[in-house]
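Read off the chains here:
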Amino acid sequence: IGVATWGIVNNKDELVKAEGSFPASYHLEDPPPGRAALDPNHSHFILVDDGTNEQFGKEIKLRAELEKRISEHKTRASTQAPGSSSVSIPVVLLALQGGPGTLETVYQGVSNNTPAVIVEGSGGAADIIAYGFNHSPEDLVAVEGHVGKKEIVGHVDKQLQEELRAKLAAEFGGNDPKKLDKWTMWVVESIKKKQLLSIFEIDSRESAKNIDVAMLRALLRANKDDYQHQLKLALAWNRSDIAETDIFTADRRWKQGELVELMYSAILEDKVNFVKLFLENGISLKDFLTVRRLQKLYSEIPQSGILFDMLQKQLRERTSTLTLKKSMRRPSTAKISVTMDDVGHVIQSLMGEIYVPLYERNPDRYSPDVEPTILCEDPTRELFLFCVLLNRQEMARLFWEEGKEGVAAALVASKLLKSMAQDDTELSEEMLGHADKFEELALGVLNECWGEDELRTQLLLVRELYFWGELTCLRIAISGHHLNFIAHSACQALLNNIWMGKMALDTSMIRLFTCIFIPPLVPALIYFREDQKEEETLIEPLGAGSHNESISPARRPVVARTRTTAGMIVDDIPEGQELNKSMEMVVVHSGGSGFINRRQAPPVPHRDLGEEEEEYEAPLTEEGELDFRSSGKKIGLLTRFYLFYDAPITTFMHNVLSYILFLCLYSVVILTEFEQGVLSPIDYTLVVWIFTLICEEIRQLITTEARSVSGKLLEYVGDYWNLFDLANIVTFIVAFAFRFFDSTFTVARVLYNLNLMIFFFRLLHIFYISKEMGPKLIMIARMLKDLIFFIFILMIFILAYGVASQAILYPHETRGFLHVVRGILHKAYFHVYGELFLDELMNDGFTCQADDAIAMATDDQRCPSDVGTWLVPILLGLYMLVTNVLLLNLLIAMFGYTFEKVQENTDQIWKFQRYDLIKEYSDRPPLAPPVIIFSHIFLLFRAMIMGCCKKCAPGEHVMKVKLEEAERKQLILWEYLNSENYLQQTRREQSQETDERVRQTQEEVDELKELANEQDDRLTRLEEQMLKSTMALDSIVQSQVWIIKSLQQNNLAAKEPPPELELSPAEKAPRPALPSLTREPTTMNLGKRPKTQQKGRRRTLDGQPIQEIHQKARTSPYPCCDVQRCPVPDDKVPWEVPFSSYRPVNYTADCVLAGPAWADVDLMSMTQDERPFLMFNQMDTLSKGAVDRTSLIGTYKVDKKLPLNPKGRTGMVGRGLLGRFGPNHAADPVVTRWKRDNLGNKEVHSDTGRNVLEFVAIQRKDNSLWAIPGGMVEPGENLSMTLKNEFGEEALGKLEKTDQERKDMTRKLDKLFQQGKEVFKGYSDDPRNTDNAWIETTAINYHDEEGYLMQNFTLQAGDDAGAVRWQDVDGNAPLFASHQAILKHVAAIHKAHF
């Protein structure tokens, strides 16, 4: 919202309309003096009219009042979560450029304690305030009325005040002293409130993206002592990085409870990084999450999600009709009052009736009127479910990592998301993706556990989960249709163990069949797990390894041991010690029975070596309980028979044999002895058999895991094989009843036969156990679905052709509906299989009655009509073309696609499907029909007894293990540790990825930048102190001079002169002139203090502090050879510093010693007397071509007729690759243009927000580095000529052109090089430099602003260049010698990205 004065708005008449308009139309034009145009960056304006014209600043008071009123309101986040993060709307003043009105605005803002961000570098008032801020010292001053509270106050001395006054006069005009006084007062008073001011440099590289950080830091700075308010601001801003660095500092200790409400807001608003930060800084989820707070979280969820709709639906079902009517009249934004019972029902509706909500099992703890201090049993689980139900993947992943029981939690999350995806079509794809990720987590942890301990992993899969609906991991995976999880080796090994019972897994089918038919052979042929001498240890102590094996039994601590209900022996835990608060696990051994049972077994006494081995006794297991592990004991004879017949595989084989016998009896009945009203002994046997099958179906229905009657029915009919059983039973009952009546006897016979067919089809169920046949049944089932859809399509064509052909062949048919329907469907359907009925259709030799009246009266076959005999065959041809060619091939293609699709996942689908078969025969009584009736009678009596005793119903713990508390904690902790191992391994894999490494490198670079900036700030402050000290010393010196003069005037001066101070050699060395690589103020930064002056340090173009010594000129080896320089430390580089051990290497390249025209004679091979005199430090007219031996940086020394490098020692004498002794002058043309996109627009860099320059770069052949084209200035050649020649030869391939092409190129280069700007002139820190020869260069920038001039050139590498291209001007690109610094200066001139 822009607030402006109406009297200064340019073209304000356009905004005046009597009828009003929205949006308003306004044209931007350059305003005349005294006027201003509206800023188009605002979407709304408040225009203040006080009757004045062309007077600025009339809106300031209204704006301040408006800001004050706005700041009294709360943020939206806090209104959604009352009391959670009650933050007033933050107000920050952003000063950008501006005039005197901006000075007043800042003054009034800080007077009202409003923090301000001053954008330095934007010019105007902002730069003046920033100048005063940077040059004013600061102190910590106690705040009146607040004990222990201090604020930062700035001090403005008279000198700074005069400087500010001068700047104000220069910027805004200084004709009126009163205005100047007022402006100065505003600036001074604003600077005094230094704690409320923050300076933001707009010319920094990250300025575009960090303005929000600057504003937040300003707010934090203004609330420096209020950590709670600071944290609320950071939370509202969602900047956890600022909170971590600026608020959660090492000197800050948070009290218990200070972060509770902020944690609540972070969870509710899905701010994951803040939740991580709070957890890292001491907040405890156990103390944080009370039941009341959890209910509040569910009551304040967003109203746009599926969870809100489901909770509302549950609330309506819970409330009465009157309450429902009232709730329907409420507005849609009304919050619902949610109880944990409602949440439990929602979870149960998503998980299925098999899930028993925790809140239902513990109603007292989770009641709506529970005490506020009552804590949740497992807070991590509750928050994890909360995030999953809201589809907050990242937050849910965080709480999954924090919690335990990772496998179960991930499986539940995947199931919940899959169920919600069915109800929310918009987010279904996203939810399914999140579900797959959670399944991957569960699979990863399971795989880690399986690699650690296989038996313990199997126990993990069937352990009853108290916090997850009293289910097991295996059951949740089946419910969620997690194919990959069930196909894992751990689940399949568990299913194999359950399937085989106590028998050895490698028991062959031949042995099983032999023992089934000859039971006395069981002890001889069947081996059990106890016979295989398996490992003794079931669950080893954590950390057990080779180092424990060396401990002798005598030295092991003696502990008391107790046998658990799961058959393990657990070392007794000292009373009062909680297992889950210690990382040490109790030792669990396999000395128990190896079975799972709820009965408390007696303690196991220690037995001596000579004592007889204890015999294993068959447990009194209830239906569905598991007994598949080795007990390590000897098995008795009777126990072997019991375990053999109790195994699910034995039950399965008995039932298969029984079913085959049943089918044989049934076939005998309908083939031989089926008579009306007469029942043979086989018939009675068959009836009894069917009755036992009915009893078994009733047992299966009753023992389903669903709790309600409707749920049991739905679960029962959800199995297609149960539908077969129902069809069989109903058909047999109807057929049996019809058998005793004459009129229905034939129907009974037909139903008997159909019933037998269905019974035969039911036999396919047994093939599910086969790995080869099971997938084929799956394919058949999938293809049947395809066939049903195909039949619907086929029926359309059958009816279309059938009706048309029947009407044409036999018009006016009046013999009844069934006769007509038969005529329509009979021929049309069998046409599909190739039965064409052509003799009838064409009336060719077909016996029929030509008279229609006689045919209808006698019910004879009518002759087809004359039209039909030629028209219907045509229709038949088209019909056959569509059905037999098109549709049947479509069906084959559908079958082929289904086959390939199933074939890809055959193994997974079969492994998933076999669970139902194994579960069925694990639950089924060992006896097979018809003797299974005795088992049913036993189960009925047991159920009656248990019902009277109010015990749990049989089958409640189907394929489930209920562990004792110690074992449960052991297993949970072991699973948690494996989960941590999996997460660590995943993080390691992620850290090895290339993108991750790049990100980490970037973060390290940013940290180094921040560290460098901090060091820079420290040096700036130190230099400011040194400057003040220097000024103080100057004042003292002036005072001393005045004193000395006064003494001399009064003849009181000393007779002798003062003693001279002896200087060190380094101090005697003259200070050479600074190189022109130094960044100097240019026209680009006039009117504002350059950044180098602000920081108080002088810098080179590449941003580094000026160094008086060269670096690259001392690198080894020397270019194009293996010669190593003599090492020269930094402090020994100046010639004035003694270096007695200096032994420079003498090297001059062979190409130079060959004596080319561009090289001097070799002085190094001569004695001092033999050396000719070269005219150093002047134009050498004695040499051929008049060699320029003057230096661009001043006079250099000559020692023993050899010039000395003005920058000091290099570790090498001679000339190296350089031709001339002394300076070798070079010229570098920097040809630039703007980088443009496909539309011709200038490209803007995403980080700096500035346009990107391109320059012509060549790749040097000697070192493969990219560089600016250039070369040496030959004697007699001027600078401009060298620049053109070198650019043409290296970048345009001039030497390879024809004479005419060279002339054309020269003409174009003259046009390009008409205007150039010198960007550098001086010494070049080049690796080719030596003590006696060095390079000095001049760089000229030729800029093609529109890009038209360079369109006439084709870049072609030539001469010393291996390649040439247009390259971005960027500070990160490595370049040869000092070219990077030159380009930075070029970018600064054009205000481009670098």
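About the cut-offs
Residues numbered from 1 in each chain as written. Predicted model: local features only at pLDDT ≥ 70, side-chain atom pairs only at ≥ 80, totals over all residues. Heavy atoms only, no water. Helix = DSSP H or I, 4+ residues; strand = E, 2+ residues; numbered from the N terminus. Buried < 20%, exposed > 50% of the residue type's maximum accessible area, 1.4 Å probe, protein only. Contact = heavy atoms within 4.5 Å. Areas by Shrake-Rupley, 256 points an atom, 1.4 Å probe, with all protein chains shown as cover. Disulfide = S-S within 2.5 Å. Axes fitted to C-alpha atoms, helices over the stretch in contact; angles between N-to-C directions. Parallel < 35°, antiparallel > 145°, perpendicular 65-115°, else oblique. Left-handed = near helix turned anticlockwise from the far one by under 90°. Nonpolar A, V, L, I, M, F, W, Y, C, P; charged D, E, K, R; others polar. pLDDT = per-residue confidence, 0-100. Phe/Tyr/Trp six-rings, centres within 6.5 Å; stacked < 30°, edge-to-face > 60°. Lys NZ or Arg CZ within 6 Å of the ring centre and 35° of its normal. Salt bridge = Lys/Arg side-chain N within 4 Å of Asp/Glu carboxyl O. Polar contact = N/O pair within 3.5 Å; in protein donor to acceptor, adjacent residues only side chain to side chain. Patch = residues over 30% accessible without salt bridge, like charges linked within 9 Å, V, L, I, M, F, W, Y side chains within 5 Å. Lys, Arg positive; Asp, Glu negative; His and termini not counted. Charge placed at Lys NZ, Arg CZ, Asp CG, Glu CD. Core = buried A, V, L, I, M, F, W, Y, C linked by side-chain atoms within 4.5 Å. Pairing = 2+ DSSP bridges.

Glancing now at the overall build of the protein. On a plain count of helices and strands, the protein comes out with 49 helices and 25 strands. Classification of the 1394 residues of the protein by burial places 43% in the buried group. For the protein, long-range pairs separated by at least 24 residues make up 69% of all intrachain contacts whose partners lie at least 6 apart in sequence. Of the roughly 73700 Å² of accessible surface on the protein, a fraction of 55% belongs to carbon and sulfur atoms.

In this structure the tally under the stated criterion is one disulfide. Put simply, Cys 848 and Cys 863 are joined by a disulfide, and their sulfur atoms are 1.8 Å apart. What sets the handedness of the Cys 848 and Cys 863 disulfide is the S-S torsion sign, and at about 95° it is right-handed. Here Cys 848, found in the loop between helix 37 (838-841) and helix 38 (852-858), pairs with Cys 863, found in the loop between helix 38 and helix 39 (866-904); they are 15 residues apart in sequence, far enough to count as distant. Owing to a relative accessible area of 24%, Cys 848 belongs among the partly exposed residues under this scheme. You can call Cys 863 buried: its relative accessible area is 14%.

This paragraph deals with the packing of helix 18 (residues 379-389) against helix 19 (residues 393-402). At a closest axis distance of 8 Å, the pairing of helix 18 and helix 19 adopts a crossing angle of 160°. As far as their axial angle goes, helix 19 and helix 18 are roughly antiparallel. Crossing handedness for the pair helix 18 and helix 19: left-handed. For the pair helix 18 and helix 19, contact is made by Thr 380, Leu 383, Phe 384, Cys 387 and Val 388 and by Met 395, Ala 396, Phe 399, Trp 400 and Glu 402, respectively. For the contact of helix 18 with helix 19, the class distribution of residues is eight nonpolar, one polar and one charged.

Our next topic: the confidence of the model for the protein. Scored by pLDDT, the protein comes out at a mean of 80, with 83% of its residues at no less than 70. Scored below 50 in pLDDT, residues 327-334 shows five contacts in the model against residues more than four places distant or in partner chains. For residues 534-612, every residue scores under 50 in pLDDT, and the model assigns this stretch 148 contacts once sequence neighbours within four places are set aside.

Turning next to the packing of aromatic side chains. Applying the stated criterion across every chain yields a total of 33 aromatic pairs. Their ring planes at 85° and their centres at 6.1 Å tell us that Trp 721 and Tyr 768 sit as a pair that is edge-to-face. Of this pair, Trp 721 sits in helix 33 (residues 720-738) while Tyr 768 sits in the loop between helix 34 (745-762) and helix 35 (774-809); the two residues are 47 residues apart in sequence, bridging distant segments of the chain. Look at Tyr 829 and Tyr 833: their rings are 5.1 Å apart centre to centre, the planes differ by 70°, and that puts the pair in the edge-to-face class. Relative accessible area serves as the criterion here: at 34%, Tyr 829 is assigned to the partly exposed category. Three or more aromatic residues joined by ring pairs form one cluster here, namely Tyr 659, Phe 662, Tyr 666, Phe 674, Trp 689, Phe 732, Phe 736, Phe 740, Phe 745, Tyr 752 and Phe 759. The side chain of Arg 1209 reaches across the aromatic face of Tyr 1142, ending 5.4 Å from its centre.

A pair can form between side chains of opposite charge whenever their charged atoms are brought close. Enumeration according to the criterion identifies 40 salt bridges in this entry. Note that Glu 65 and Arg 69 form a salt bridge whose closest N and O atoms lie 3.2 Å from each other. Of this pair, Glu 65 and Arg 69 both sit in helix 1 (residues 60-71), four residues apart, which is roughly one turn of that helix. Take Glu 65: its relative accessible area is 37%, and that puts it in the partly exposed class. Put simply, Glu 189 and Lys 192 hold a salt bridge, and the shortest N to O gap is 3.4 Å. A residue pair is termed a helical-turn pair when its members lie 3 or 4 positions apart in one helix, as Glu 189 and Lys 192 do in helix 6 (residues 177-192) at three residues. By relative accessible area, Glu 189 is classed as partly exposed at 30%. A residue is classified by how much of its surface remains accessible, and Lys 192, at 37% relative accessible area, is partly exposed.

Turning our eyes to something else, we now look at the environment of Thr 703. Assignment of secondary structure puts Thr 703 in the loop between helix 31 (681-702) and helix 32 (709-717). Residues Thr 703 and Tyr 716, spaced 13 residues apart in sequence, show a C-alpha to C-alpha distance of 9.8 Å. At a separation of 3.4 Å, a polar atom in the side chain of Thr 703 contacts the main-chain carbonyl oxygen of Gln 700.

This part takes up a negative patch on the surface. On the surface, Glu 1004, Asp 1006, Glu 1007, Glu 1010 and Glu 1014 cluster together into a patch of negative charge. If you trace the backbone, Asp 1006 turns up in helix 43 (residues 994-1049). You can call Asp 1006 partly exposed: its relative accessible area is 31%.

In this section: the environment of Pro 40. With respect to the element layout, Pro 40 can be found in the loop between strand 1 (2-5) and strand 2 (45-48). You can call Pro 40 exposed: its relative accessible area is 62%. Counting along the chain gives 13 residues from Pro 40 to His 27, while the straight-line C-alpha distance between them is 9.9 Å.

Leu 231, Phe 278, Tyr 298, Phe 384, Trp 468, Phe 485 and Phe 662 are the most contacted members of the largest nonpolar core, which totals 172 residues. Per-element accounting of this core gives the leading share, eleven residues, to helix 20 (residues 406-423). Ignoring anything within four residues of it in the chain, the contact list for Phe 485 reads Val 407, Leu 411, Glu 439, Ala 442, Leu 443, Leu 446, Leu 461, Cys 473, Ala 477 and Cys 491. The next biggest cluster of nonpolar side chains, apart from the first, holds 26 residues, and it includes Leu 103, Val 106, Ala 125 and Leu 196.

On to helix 22 (residues 454-462), then. Extensive coverage of helix 22 is indicated by the burial of seven of its nine residues. Among the structural elements, helix 20, helix 21 (428-452), helix 23 (473-479), helix 24 (483-486), helix 25 (489-500) and helix 42 (965-991) are those in contact with the buried residues of helix 22. Near the N-terminus of helix 22, the side chain that reaches the backbone nitrogen of Leu 455, with its oxygen 3.2 Å away, is that of Asp 453.

Across the sheet, three strands lie side by side as 3-4-7; this open sheet has parallel pairing. The open sheet terminates on both sides in strands that have one partner only, identified here as strand 3 (93-96) and strand 7 (197-201). With direction set aside, neighbouring strand axes in the sheet form an average angle of 25°. Pairing geometry for strand 3 and strand 4 (residues 116-120), over four bridges, is parallel.

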